[in-house]
Amino acid sequence: MDPHPPPPADAGDTLRPHSYDGIQEYDKRLPNWWLYTLYGSIVFAAIYWFTYEIAGIMPSDTARVDAAMAKIAAAKMSSSLDVTNDAKFWEMSRNAVFTDAGRQTFNSICAACHQVSLAGGVGPSLLSTEWIHGGAPKEIFKTVNEGVPAKGMAAWGPVLGQKKISEVVAYVLSYHKEGEPVTLNPNKPRGVPAAPPGG
Amino acid sequence: MTGQKITIEFNDKVVRQFMLAAVLWGAVGMLVGVLIATQLNFWQANFGTAWLTFGRLRPLHTNAVIFAFVGNMMFAGIYYSTQRLVKARLASDFLSTLHFWGWQAIIVAAAVTLPLGLTRGKEYAELIWPINIAVAGIWVVFAVNFFWTLARRHEKSLYVAIWFYIATIITVAMLYIVNHLSIPTSWTHSYGVFGGVQDALVQWWYGHNAVAFFLTTPILGIMYYFLPKAAGRPVYSYRLSVIHFWSLVFLYIWAGPHHLLNTALPNWLQLLGMTFSLMLWAPSWGGMLNGLLTLRGAWGRLRTDPVIKFFAAGVTFYGMATFEGPLLSIKSVNALAHYTDWIIGHVHIGALGWNGFMAAGMFYWLAPRLWDRPLHSTALANLHFWIGTVGILLYGSAMWASGITQGLMLNATTEGGTILTYPNFLDTVNAIRPLMALRIVGGGLYLAGFVVMIYNLWRTIAPAQPVNGTMEVYAEAYAAGEEMGAAGSAFNAPVLFSVLGFLMACVWLFTGGWLNLLGLFGTILCVLLAIGHYQTRGGKWGEWYDKLLLNSLPFTVLVFLSVAVGGLIQIIPMLTIDRRLQTEDRVAAVYTPLELAGRDLYVREGCYLCHSQMIRMLVPDVMRYGDYSRLGESIWDHPYQWGSKRNGPDLARVGAKYNHAWHFDHMRDPRSISTGSNMPGYPWLFARDTDYASLSAKIRVQKTIGVPFPNWSPAMIDTLARDQAKEIAKDLREQGRYIAPDKEIVALIAYLQSLGKSNPVAAPAGAAN
């Protein structure tokens, strides 16, 4: 068959005999590109269904996401820092590269509860030497990383990652001095409310 | 022509009424649209007033545009064209009047109840149950009036416009009734009978096909009448009408699950949703082709006739929207675009470009004929066209850029793909603010064009007298062999091949092993046999179809079967499986009474209109919000609250992430916690008392529809709720926030803190609680 038949100016240009309130209809052939789009999408649907549902060649969405997340977890582990080294954190707190990066993250994320001034709002003040969950750098890291769900501190590890949290810890430490007296007070009051209570 | 000559006068009064109502409600709907677009960018525009907040006005905008503007416009177009196409006056003046005033009463009721926060909590299905019953009733009035008119027609053969009207009437009735099945807890509140994934599936079967059968098929019918009339040209291709009509109504119904791609929805449904959306591309473009190519030979009038301008642009926008739709239904494209402004842009190309411009073209064509006076000003109509077109293009491109920008930012990762580049959701919101502002400009321009049209129509109509069309017709009896019975409708080559081929395809789709192969070969065999039969006896197919067009009842039955089958196959399996088998590995605990009260507040304030509760099976979603959502986690949710867009972050796992004080401050003044947030404050939640009294009725209804609440007495429900409220108020006090336990904010905090708490299950049995 000729793949490029001449344009069918013949049959299609005849009007159908019927007229509806004066509206008449030609009966032109359907454009080939339109037909091939229709047929192509039907064939694609069949192949797609076969690949995923019948043959099961492609991994399921669940398997795919689980594998990707496992890969991310592995990458994080292989490049992890020693977050138990207090001296390293103090060193970082004196380096402007780390504290500047930490300030950016802090002001974007942490300031919501702890305020840009670190004086505390919904969350406690980070300026005082009294700490609810421990004031050693490694303890501060743990609090940010794992959160304290019971007290409303979110676990930021999965979102921020180790590097950014370390920078934030360095930034907070830059408001403190290495070797300052640190006290543990689980009942330390929160900061002032951000706005007067009531509605 | 045989028979006696009679002169009929058409009922054009109801057409005029519907047209003017469409113009009025169109302006209202668009005005609310511009306001809520402003609210998204400027939180101050919520005015700190409950009934003016985005969450309550957004349903008003969507319902007004869909049901009030397009609804009234559609009734005007259908009634005007049907009377002329079937050569009969509308069957009953009483039903026509009842239809008009009933529909307007429904719109007024919606405009009052939605800002009051009375809602069912499902998009485009927000109206409360007494209004649902009224809508169904008025729709039946419309159907009876329409089919009764068909029964009295003097033109025996049904024109393609009428096919689309028939499909509209029966399909909307089916969708509306099923998606609104609910059990009342009071005169203004009810719970839908479907929950969780079932509710999601039914909702988008309805929601998507509201677009299909309320915003598309009736307008295609209107196009098939008004466009050739205005152009004075024959329709391009009758056989294209046949093919694209039947493929459109059959395929459309299946595409609903494309609103739930990459979610917890079972994969087979996602695949059907995606592939049927792709198959819809050609049938949709069939309508566009038949519209645009009908203008061949009339293109010169594009310069002079505003009606042709609006129709040509409207049909072109239809083509754009129906190309974009299948594109967005591809799972990987959807992963980027879903929940973003791209979807909002897509739907507005359809609503502003297709519905709005087809409506304008029709109004400009109708007004001079219904009032017998030429249009006041062609120049003003042209002005409307250009302002409107610029408005649509600004709106559309702003939303494309906004959606793609936000999607890319939300998905961006850094440090070897291990962490998110923008962990703070607000960074992505503030990045698109200029585009959100541009959207207000685009929408505002479109509204300005609409106002120009109102002025133009008013100057046309005000000094004129209404006139009713008349027509001379001949009473004609059916000739022998023209009537078709049940056997004639069912036993003929096209229907038999379609049914057999479809059954075989289903065998292939849903079975395994040898049966699967049988289905595949059966399908191929059916297709080959059908092609062979058509090649040799194609004339018979045409004769049969010509005869079918003389018989409206068999035609309607076949349309109904075509639209019903997709829903049956997708929804019935999900309804018949025990819900507890659909939990995957987690199941939600039933809500405590206070959490349920808080959940109803979440629904009342329309939180689902900006926040999803569905973490998709996508790496960026999991990194941002936590482990992907399981079906079991929303299993007891009536209504489901998976959401469809994210102006704010997902909330599926927000429970226990922050403390009570965080939510307390955030709900009163979001910016005290989240700098740069565009969320409105909800001060009234701190002043109003929680409605404990209704809880026992609500829990009784929830038990009726299958949620396994324990056997609490009303007194126990009250005690449980108050005790939990006191507990939360006590925690808040310790955190320095003082509030009476009975205030609504306490219930809302209880609900928010419950989100994402679920129990792992070993086996589906004994899953409850």
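Residues numbered from 1 in each chain as written. Chains lettered and ligands numbered in written order. Predicted model: local features only at pLDDT ≥ 70, side-chain atom pairs only at ≥ 80, totals over all residues.

Novice: Tell me about the overall build of chain A, and please be specific about residues and values.
Specialist: Scanning chain A from N- to C-terminus turns up six helices and two strands. Reading chain A from its N end, one meets helices and strands in the order α-α-α-α-β-α-α-β. A burial count over chain A gives 29% of its 199 residues as buried. (Helix = DSSP H or I, 4+ residues; strand = E, 2+ residues; numbered from the N terminus. Buried ≥ 20, exposed ≤ 12 C-beta atoms within 10 Å, placed from the backbone.)

Novice: Give a description of the overall build of chain B that names residues and reports values.
Specialist: When its secondary structure is counted, chain B shows 26 helices and eight strands. Taking 27 Å as the expected radius of gyration for a compact globule of 769 residues, we find that chain B reaches 27 Å, a close match to that expectation. Expressed along its principal axes, the backbone C-alpha trace of chain B runs to roughly 90 × 70 × 55 Å. In chain B, of all internal contacts separated by at least 6 residues, the share reaching a separation of at least 24 is 83%. (Rg over C-alpha atoms; globule rule 2.2 N^0.38 Å. Contact = placed C-beta atoms within 7 Å.)

Novice: Lay out the nonpolar core with the relevant residues and their values.
Specialist: By size, the foremost hydrophobic cluster in this structure holds 262 residues, and its most contacted members are Val169(A), Phe18(B), Ala22(B), Phe363(B) and Leu748(B). Excluding anything up to four places from it in sequence, Val169(A) contacts Phe89(A), Pro137(A), Ile140(A), Phe141(A) and Val144(A). (Core = buried A, V, L, I, M, F, W, Y, C linked by C-beta atoms within 7 Å.)

Novice: Describe helix α19 (residues 552–576) of chain B, with residues and values.
Specialist: The terminal C-alpha atoms of α19(B), which comprises 25 residues, lie 34 Å apart, in line with the 36 Å expected from a rise of 1.5 Å per residue. Largest kink in α19(B): about 35°, centred on Leu568(B). (Expected span 1.5 Å × (residues − 1). Bend = angle between axes of the 7 residues up to and from the residue.)

Novice: Could you give an account of helix α8 (residues 238–252) of chain B, with specific residues and numbers?
Specialist: All names here are of chain B. With 15 residues, α8 extends 21 Å between its outermost C-alpha atoms, agreeing within 8% with the 21 Å of an ideal straight helix rising 1.5 Å per residue. Regarding α8, the residues found buried are Tyr238, Leu240, Ser241, His244, Phe245, Leu248, Val249, Phe250, Leu251 and Tyr252. Looking at the buried positions of α8, the neighbouring elements they touch are α5 (160–179), α6 (196–213), α9 (267–294) and α19.

Novice: Go over the domain arrangement of chain A, please, and point to the residues and values.
Specialist: One frequently used descriptor of interface size is the decrease in accessible area upon assembly of the parts. Domain assignment breaks chain A into domain 1 (11–16 + 23–54) and domain 2 (86–184). Computed from C-alpha coordinates alone, the two centres of domain 1 of chain A and domain 2 of chain A are separated by 63 Å. (Domains from an automatic or database assignment.)

Novice: Help me get a handle on the interface of chain A and chain B, residues and values and all.
Specialist: If you look at the interface, chain A gives 55 residues, while chain B gives 65 residues. Breaking the side of chain A that touches chain B down by element, the ones donating at least two residues are α1 (32–54), α2 (61–78), α4 (96–114) and α6 (157–173) of chain A. A total of 12 residues in the side of chain A that touches chain B trace back to one element, the largest contributor, which is α1(A).

Novice: Can you lay out the pairing of strand β1 (residues 5–9) of chain B for me, pointing to particular residues and giving the numbers?
Specialist: Residues and elements named next belong to chain B. β1 sits mainly on the outside: zero of its five residues count as buried. Strand direction decides the pairing type here: β1 and strand β6 (residues 470–474), joined by five bridges, are antiparallel. By the bridge assignment for β6, Ile6 is matched with Val473. (Pairing = 2+ DSSP bridges.)

Novice: Describe the domain arrangement of chain B, and please don't skip the residues or the numbers.
Specialist: All names here are of chain B. Domain boundaries assigned for chain B yield domain 1 (8–372 + 381–473), domain 2 (486–576) and domain 3 (588–760). Of note, the centres of domain 1 and domain 2, computed from C-alpha atoms alone, are 30 Å apart. Class assignment for the residues of the side of domain 1 that touches domain 2 results in 19 nonpolar, three polar and one charged. (Nonpolar A, V, L, I, M, F, W, Y, C, P; charged D, E, K, R; others polar.)

Novice: Explain the confidence of the model for chain B to me, using residue names and the numbers behind them.
Specialist: Taken as a whole, chain B shows an average pLDDT of 94; of its residues, 98% reach a score of 70 or greater. Across residues 762–769 of chain B, where pLDDT falls below 50, the model places 11 contacts with residues more than four positions away in sequence or in other chains. (pLDDT = per-residue confidence, 0-100.)

Novice: Which residues make up unusual backbone geometry, and what are the values?
Specialist: Cis geometry marks the peptide bond from His638(B) to Pro639(B), where omega comes out at -5°. With respect to the element layout, Pro639(B) can be found in the loop between α21 (619–625) and α22 (660–668). Backbone geometry at Gln115(A) places phi at a positive 70°, although glycine is not the residue there. Following the sequence through the fold, Gln115(A) ends up in the loop between α4 and β1 (130–131). The backbone of Leu118(A) sits at a positive phi, close to 70°, despite the residue not being glycine. Counting through the fold element by element, Leu118(A) comes out in the loop between α4 and β1.

Novice: Got a sec to walk through the packing of helix α2 (residues 54–85) of chain B against α5(B)? Specific residues and values, please.
Specialist: Residue and element names in this part refer to chain B. Relative orientation of the contacting elements α2 and α5 amounts to 130°, with a least axis distance of 10 Å. Between α2 and α5, the angle falls in the class oblique. In the packing of α2 onto α5, the handedness of the crossing is left-handed. Facing Ile78, Ser81, Thr82 and Leu85 of α2, the residues of α5 in contact are Ala161, Ile162 and Tyr165. Taken together, the residues of the contact of α2 with α5 sort by class into five nonpolar, two polar and no charged. (Axes fitted to C-alpha atoms, helices over the stretch in contact; angles between N-to-C directions. Parallel < 35°, antiparallel > 145°, perpendicular 65-115°, else oblique. Left-handed = near helix turned anticlockwise from the far one by under 90°.)

Novice: Account for the packing of helix α7 (residues 217–231) of chain B against helix α10 (residues 306–328) of chain B, with residues named and values stated.
Specialist: Residue and element names in this part refer to chain B. Where α7 contacts α10, the two axes come as close as 10 Å, and the packing angle between them is 140°. By the angle between their axes, α7 is oblique relative to α10. As α7 packs across α10, the resulting crossing turns out to be left-handed. Across from Met223, Leu227, Ala230 and Ala231 in α7, the residues of α10 making contact are Val307, Ile308, Phe311 and Val315. The residue inventory of the contact of α7 with α10, partitioned by class, reads eight nonpolar, no polar and no charged.

Novice: Outline the environment of Ser329(B), supporting the account with residue identities and numerical values.
Specialist: All names here are of chain B. Along the polypeptide, Ser329 turns up in the loop between α10 and α11 (331–337). Residues Ser329 and His258 lie 71 residues apart in sequence; the distance between their C-alpha atoms is 5.6 Å. Sequence-distant contacts of Ser329, defined by excluding residues within four places in its chain, comprise His258, Gly273, Met274, Ser277, Leu278 and Asn334.

Novice: Lay out the environment of Asp27(A) with the relevant residues and their values.
Specialist: Residue and element names in this part refer to chain A. Mapped onto the fold, Asp27 is located in the segment before α1. Overall, the presence of 20 C-beta atoms within 10 Å leaves Asp27 in the buried class. On a C-alpha basis, the gap between Asp27 and Phe98 in space is 74 Å, while along the polypeptide they are 71 residues apart.

Novice: Residues and numbers for the confidence of the model for chain A, please.
Specialist: All names here are of chain A. Averaged over all residues, the pLDDT of chain A is 84; the fraction at 70 or higher stands at 88%. Here strand β2 (residues 183–184) stands out as the element of chain A with the lowest mean pLDDT, 84, in contrast to α1, whose mean of 94 is the highest. Predicted confidence for residues 5–10 stays below pLDDT 50, and this span has one contact to residues more than four positions away or in other chains.

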